[in-house]
Amino acid sequence: MSRSISTAYDVGSSTNIKWHEGAVPTETKEATMQQRGVVVWFTGLSGSGKSTVACTLEHALAESGKVTTLLDGDNIRHGLNSNLGFSATDRAENIRRIGEVSKLFADTGIITLVSFISPYRRDRDAVRARVPPGRFVEVFMKVPISICEERDPKGLYKKARAGQLKGFTGIDDPYEEPLNAEVVLEAETPDGKRVSPQDQAAKLLEYLHSKGFLSGPSK
Ligand SMILES: Nc1ncnc2c1ncn2[C@@H]1O[C@H](COP(=O)(O)OS(=O)(=O)O)[C@@H](OP(=O)(O)O)[C@H]1O
Ligand SMILES: Nc1ncnc2c1ncn2[C@@H]1O[C@H](COP(=O)(O)OP(=O)(O)O)[C@@H](O)[C@H]1O
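Quick look at the structure, then.

Thresholds applied
- Residues numbered from 1 in each chain as written.
- Chains lettered and ligands numbered in written order.
- Predicted model: local features only at pLDDT ≥ 70, side-chain atom pairs only at ≥ 80, totals over all residues.
- Heavy atoms only, no water.
- Salt bridge = Lys/Arg side-chain N within 4 Å of Asp/Glu carboxyl O.
- Helix = DSSP H or I, 4+ residues; strand = E, 2+ residues; numbered from the N terminus.
- Buried < 20%, exposed > 50% of the residue type's maximum accessible area, 1.4 Å probe, protein only.
- Axes fitted to C-alpha atoms, helices over the stretch in contact; angles between N-to-C directions.
- Parallel < 35°, antiparallel > 145°, perpendicular 65-115°, else oblique.
- Left-handed = near helix turned anticlockwise from the far one by under 90°.
- Contact = heavy atoms within 4.5 Å.
- Nonpolar A, V, L, I, M, F, W, Y, C, P; charged D, E, K, R; others polar.
- Near = heavy atom within 4 Å.
- Polar contact = N/O pair within 3.5 Å; in protein donor to acceptor, adjacent residues only side chain to side chain.
- Areas by Shrake-Rupley, 256 points an atom, 1.4 Å probe, with all protein chains shown as cover.
- Arc of directions from axis to C-beta.
- Pairing = 2+ DSSP bridges.

1. Section: the pattern of salt bridges
Inspection of every chain in the model, using the stated rule, returns 14 salt bridges. Of the charged contacts in the structure, one is a salt bridge between Glu 93 and Arg 97, with a shortest N-O distance of 2.8 Å. Of the two residues, Glu 93 and Arg 97 both sit in helix α4 (residues 88-107), four residues apart, roughly one turn of that helix. Classification of Glu 93 by relative accessible area gives partly exposed; the value is 22%. Of the charged contacts, one joins Glu 138 and Arg 124 as a salt bridge, the two residues approaching to 2.7 Å between their closest N and O atoms. Linking Glu 138 in strand β4 (residues 136-142) with Arg 124 in helix α5 (residues 121-130), this pair joins segments that are 14 residues apart in sequence. Linked through salt bridges whose partners overlap, the residues forming this network are Arg 124, Arg 128, Glu 138 and Glu 182.

See the structure below:
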């Protein structure tokens, strides 16, 4: 029986340390919760709907008795990552740390929803590589910047356009679209109808169901 869904590890600059296997295997926890640990990674521009859809999905999962957690960029930057800014180096460290945290949650069998702009492909792919195969679900919020800017709930695009906020993603800082996201959520249908956050969350719920994350491990 597998002891843990995590096998790869990196000791970085630490020395004289040893990995201890958890006493209770991931599968036991998953059987108790009747679900499977997964990292559902939302990426997209500010205003693309990451937090809204992640939150809607989390409520839907809770209603069906699933154990979840939601890690959101704005919130995490108030605490764990409050020492990081928005340079490429700081964004990479932001994503690396939160990737590690999300891996720990998924390793406990928890459905882990992660909502960060995560603009660099390399940083997202590095998290994917740390999570066991099939347990990383990249969700690309494929929303044109024109719609994000029209929404602008925090007024940040306005500030960035006015030159009061430098290095804003999509304006004067890069966003690298995923090439092979497991799920792509668009704001409009091909015939121009707006898609609600509820519909977007429902699509994701269906995906998680189809991949077996909403039932316990097979015996
Ligand atoms: N320069 C710049 N660029 C992009 N975003 C900025 C910036 N400064 C502040 N903000 C606010 O920070 C939120 C994004 O934080 P993240 O941790 O998700 O960013 S990243 O993944 O490290 O790129 C983002 O929140 P969301 O709108 O929820 O995406 C913004 O509110
Ligand atoms: N599918 C949608 N249709 C219409 N408006 C949406 C949709 N998803 C999110 N929004 C709205 O867009 C704004 C930005 O959403 P938010 O979830 O904060 O984006 P992000 O976390 O990517 O910055 C919010 O005002 C939210 O209500």
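2. Observations concerning the packing of α4 against α5
Remark: α4 packs on α5, axes separated minimally by 9 Å, with the N-to-C direction vectors making an angle of 20 degrees. Between α4 and α5, the interaxial angle falls into the category roughly parallel. Between α4 and α5 the crossing geometry is right-handed. The segment α4 lies against α5, with Arg 91, Ala 92, Ile 95, Gly 99, Glu 100 and Lys 103 engaging Asp 123, Val 127 and Arg 130. A breakdown of the residues in the contact of α4 with α5 according to their chemical character gives three nonpolar, one polar and five charged.

3. Quick word on the site of ligand 1
Looking at ligand 1, there are 20 residues lining it, with Ser 46, Arg 77, Arg 91, Asn 94 and Ser 118 nearest. The contact in question runs from an oxygen atom of ligand 1 to an N or O atom on the backbone of Ser 118, over 2.8 Å. Within the side chain of Lys 154, one N or O atom sits 2.8 Å away from an oxygen atom of ligand 1. For ligand 1, the protein covers 92% of the area, taking 630 Å² as the surface of the free molecule. Elements with a contribution of two residues or more to the shell around ligand 1: α3 (73-76) and α4. Broken down by element, the shell around ligand 1 gets its largest block of residues, three residues, from α4. For the shell around ligand 1, the per-class residue count stands at seven nonpolar, seven polar and six charged.

4. Describing the site of ligand 2
Residues in contact with ligand 2 amount to 14 residues; listed here are only the nearest, Gly 47, Lys 50, Ser 51, Thr 52 and Val 195. Contacts to ligand 2 include Leu 45, whose backbone N or O atom sits 3.4 Å from an oxygen atom. Backbone polar atom of Gly 47 to an oxygen atom of ligand 2: 2.7 Å apart, as the coordinates give it. Relative to its unbound accessible area of 560 Å², ligand 2 is 75% covered by the protein chains.

5. Examining the packing of helix α2 (residues 50-63) against helix α8 (residues 197-210)
The contact between α2 and α8 brings their axes to 9 Å, and the two run at 55 degrees. One way to sum up the angle between α2 and α8 is to call them oblique. Seen from above, α2 lies across α8 with right-handed handedness. Counted together, Thr 52, Val 53, Thr 56, Leu 57, Ala 60 and Leu 61 of α2 and Pro 197, Gln 198, Gln 200, Ala 201, Leu 204, Leu 205 and Leu 208 of α8 form the full contact between these two elements.

6. A word on α5
Within α5 the residues assigned to the buried category are Asp 123, Arg 124 and Val 127. The buried residues of α5 occupy an angular sector of 100 degrees when projected down its axis, which confines them to one face. Away from the buried face of α5 by more than 90 degrees, exposed residues Arg 122 and Ala 129 are located. Packed against the buried residues of α5 are β1 (38-43), α4 and β4.

7. Considering the pairing of β4
Across the seven residues of β4, six count as buried, placing the element largely inside the fold. Note: β1 against β4, five bridges, orientation parallel. Residue pairing across strands places Phe 42 opposite Val 139, the latter belonging to β4. Sheet analysis places β4 next to strand β5 (residues 183-186), joined by four bridges and oriented parallel. Bridging from a neighbouring strand, Phe 140 pairs with Val 184 of β5.

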